[in-house]
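Descriptive analysis of the structure
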Amino acid sequence: MTTDRLRNFGFLMHDIVRLYKRHFERHARELGLSMAECKVLAHLSRNEGISQARLAELTETDPMTLVRVLDRMQQQQWVERRPDPADRRAHRLYLLDASRPVVARMWKLAESARKEALAAIDIGEREQLLSLLERVHSQLLELDTQKESA
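Residues numbered from 1 in each chain as written. Predicted model: local features only at pLDDT ≥ 70, side-chain atom pairs only at ≥ 80, totals over all residues. Heavy atoms only, no water.

1. Things to note about the nonpolar core
Ranked by internal contacts, the top residues of the largest apolar core, which has 25 residues, are Phe24, Val40, Leu41, Leu44, Leu55 and Val79. Put simply, the parts of the chain that give this core at least two residues each are helix 2 (9-28), helix 3 (35-46), helix 4 (52-59), helix 5 (63-75), strand 3 (87-95) and helix 6 (100-117). The dominant element in this core, judged by the number of residues it contributes, is helix 3, at six residues. If near-sequence neighbours (up to four positions away) are discounted, leucine 41 is found in contact with Leu33, Met73, Trp78, Leu95, Val102, Val103 and Met106. (Core = buried A, V, L, I, M, F, W, Y, C linked by side-chain atoms within 4.5 Å. Buried < 20%, exposed > 50% of the residue type's maximum accessible area, 1.4 Å probe, protein only. Helix = DSSP H or I, 4+ residues; strand = E, 2+ residues; numbered from the N terminus. Contact = heavy atoms within 4.5 Å.)

In structure tokens, the structure reads:
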């Protein structure tokens, strides 16, 4: 029985991500933001000064799509592109004050979506789940690093 359940590990993880994204998107509609815009705001709020190329990697967004998202956000005065002092072809990205209430509301909506998604498990189980997922994540990062250096 365990072998059959383990066989579904990847499918289960993928389906959880798919369903959670859909659940979050229902919450994010209140802000009128797409998932791509939410990912950009979330990553920028944690990584101000990041390059566009790195932001595209982190958000798993096609660079051209990211440019369009950033153009819209720049028009709304949420994001500022500054020249990269080390590379004159590149830009560094920063959130502007007008984006801060939107980002704060987005995090509140994310918290609500997360609470609903985890409502079926108690606090101890949540901690255990996160601990186990962090260990799997670390292992996969290590394997990824080993493959890249080989």
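2. Here's the deal with unusual backbone geometry
Glycine aside, residues mostly have negative phi angles, and peptide bonds mostly take the trans form. Despite not being glycine, glutamate 60 shows a phi value in the positive range, around 50°. Mapped onto the elements of the fold, glutamate 60 is located in the loop between helix 4 and helix 5. Here glutamine 77, not a glycine, exhibits a phi torsion of approximately 60°, which is positive. In this fold, glutamine 77 is placed in the loop between helix 5 and strand 2 (79-84).

3. Quick look at the packing of helix 3 against helix 6
One way to put it is that helix 3 packs onto helix 6 with a least axis distance of 10 Å and a crossing angle of 105°. As the angle between them shows, helix 3 and helix 6 are arranged roughly perpendicular. Here helix 3 contributes Cys38, Leu41, Ala42, Ser45 and Arg46 to the contact with helix 6, which in turn contributes Val102, Val103, Met106 and Trp107. Among the residues making up the contact of helix 3 with helix 6, the classes are represented as seven nonpolar, one polar and one charged. (Axes fitted to C-alpha atoms, helices over the stretch in contact; angles between N-to-C directions. Parallel < 35°, antiparallel > 145°, perpendicular 65-115°, else oblique. Nonpolar A, V, L, I, M, F, W, Y, C, P; charged D, E, K, R; others polar.)

4. Topic: the sheet that holds strand 3
Judged by pairing direction, the sheet is antiparallel, and its three strands sit side by side in the order 1-3-2 without closing on themselves. Every interior strand has two partners, whereas the edge strands, strand 1 (50-51) and strand 2, have only one. Note that strand 1 and strand 3 share two bridges and pair antiparallel. Within strand 3, the position partnered with isoleucine 50 by the bridge is leucine 93. Packing against the sheet, helix 5 makes contact with strand 2 and strand 3, and its axis sits at approximately 115° to strand 2. (Pairing = 2+ DSSP bridges.)

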